[in-house]
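Report on the structure
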Amino acid sequence: MKPAVKRLIFFVVLIAFWELGSRFELWHETILPSPTSVYESLAAGFSDMTLIYDLAASFRRLAIGLLVALLIGTSLGILLARSKTADDTIGSMVLALQSVPSIVWLPLAMMWFGLGEGAIIFVVILGGTFVMTLNVRTGIKNVNPLYIKAARTMGSNGIDLFLKVVIPASVPYLVTGARLAWAFAWRALMAGELLSSGPGLGYTLRYASDFGNMSLVIGVMIIIGVVGAVVDQLIFQRIERNVLRRWGLET
């Protein structure tokens, strides 16, 4: 049986059990609304364009923050890989900051940028930068020395060697770093929007929670999960598999 069919059967059974449990009142509707209630809330949100505006606002912030994170992370990763002094100093700080959840930066971001776009984008940038930095650094440091020696025997040195040998050999790590940066940035975005003034998926999630609209809360959670899964599996996993296959690293 194909994986897609297995997933479909699993989710059909899960939703059916969820719906039947709600109809037979195995749990209270205010605690876990039925799939029907969640669908109605989502339909209402899309029909009045509220969720459309939320998605557009969230994707715009994510695009800006993730792009900046990838640029900074790539540049910083190259610096750490090429300079031992930078690796011993800045590298240790990056490693420590990578373990700090993005939501921890929110109070500082709000003090610096207020509750506007700046604070949210700042948190998104931090969410993706450090993981990208570490992957780029690791990729460059793990380039097979035989590639470098072979290129040097053919007269390649300096920037030519770096651009034509080191960077191409590091591409699998760069792709993995971009995939992880997307995941961390997406989570950071949702955390940041919880304290924003809207619009955005995180803001609507908090707004619905404040007014006890649990069906909309679960609906927004489903949207967040679906977007994350679709982008990861349909875009990044495919790119990663193609790169690994091309570089002969697929098992």
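Residues numbered from 1 in each chain as written. Predicted model: local features only at pLDDT ≥ 70, side-chain atom pairs only at ≥ 80, totals over all residues. Heavy atoms only, no water.

Things to note about the overall build of the chain
Looking only at helices and strands, one finds ten helices and zero strands in the chain. Order of helices (α) and strands (β) in the chain, N terminus to C terminus: α-α-α-α-α-α-α-α-α-α. C-alpha atoms of the chain, sized along the principal axes, occupy 75 × 55 × 30 Å. The buried share of the chain, reckoned over its 251 residues, is 40%. The long-range fraction of contacts in the chain, counting pairs at least 24 apart against all pairs at least 6 apart in sequence, stands at 68%. Here the chain has roughly 14400 Å² of accessible surface; of this, 69% comes from carbon and sulfur atoms. Positive and negative side-chain charges of the chain, numbering 20 and 15 respectively, have mean locations separated by a distance of 16 Å. (Helix = DSSP H or I, 4+ residues; strand = E, 2+ residues; numbered from the N terminus. Buried < 20%, exposed > 50% of the residue type's maximum accessible area, 1.4 Å probe, protein only. Contact = heavy atoms within 4.5 Å. Areas by Shrake-Rupley, 256 points an atom, 1.4 Å probe, with all protein chains shown as cover. Lys, Arg positive; Asp, Glu negative; His and termini not counted. Charge placed at Lys NZ, Arg CZ, Asp CG, Glu CD.)

Digging into the UniProt feature "domain: ABC transmembrane type-1" (unreviewed entry) in the chain
Per the UniProt annotation, the sites labelled "domain: ABC transmembrane type-1" (unreviewed entry) are residues 55-235. The annotated region residues 55-235 carries 85% helix and 0% strand content, and the separation between its end C-alpha atoms amounts to 18 Å. (UniProt positions renumbered as here; feature names shortened; annotations may be inferred.)

Re the pattern of salt bridges
For the structure shown, the criterion picks out ten salt bridges. Note that Glu117 and Arg61 form a salt bridge whose closest N and O atoms lie 2.7 Å from each other. Taken together, the residues span a long stretch of sequence, with Glu117 in helix α6 (residues 117-141) and Arg61 in helix α3 (residues 50-82) at a distance of 56 residues. Look at Glu117 and you get partly exposed, because its relative accessible area is 29%. (Salt bridge = Lys/Arg side-chain N within 4 Å of Asp/Glu carboxyl O.)

What about the UniProt feature "transmembrane region" (unreviewed entry) in the chain?
Within the UniProt annotation, "transmembrane region" (unreviewed entry) is assigned to residues 62-81, 93-113, 119-140, 161-185 and 214-236. Segment residues 62-81 splits into 100% helix and 0% strand. End C-alpha atoms: 27 Å apart. This span, residues 214-236, is 100% helix and 0% strand, and a straight line between its end C-alpha atoms measures 32 Å.

Topic: the side chain of Glu193
Relative to the helices and strands, Glu193 is located in helix α8 (residues 158-193). Reaching out from Glu193, the side chain makes a polar contact with the side chain of Arg61 at a distance of 2.6 Å. Each residue touching Glu193, except ones within four places of it in the same chain, is listed here: Ser58, Arg61, Ile120, Pro199, Gly200, Leu201, Gly202 and Tyr203. (Polar contact = N/O pair within 3.5 Å; in protein donor to acceptor, adjacent residues only side chain to side chain.)

Looking at helix α2 (residues 35-47)
The terminal C-alpha atoms of α2, which comprises 13 residues, lie 18 Å apart, in line with the 18 Å expected from a rise of 1.5 Å per residue. Of the residues making up α2, those classed as buried are Pro35, Ser37, Val38, Ser41, Leu42 and Gly45. Taken down its axis, α2 places every buried residue within 160° of arc, on the same side. The exposed residues of α2 that point more than 90 degrees off its buried face are Tyr39 and Ser47. Buried positions along α2 lie against α1 (3-23), α3 and α10 (214-246). Immediately beyond the C-terminal end of α2, within one or two residues, lies Met49, with a positive phi of roughly 70°. (Expected span 1.5 Å × (residues − 1). Arc of directions from axis to C-beta.)

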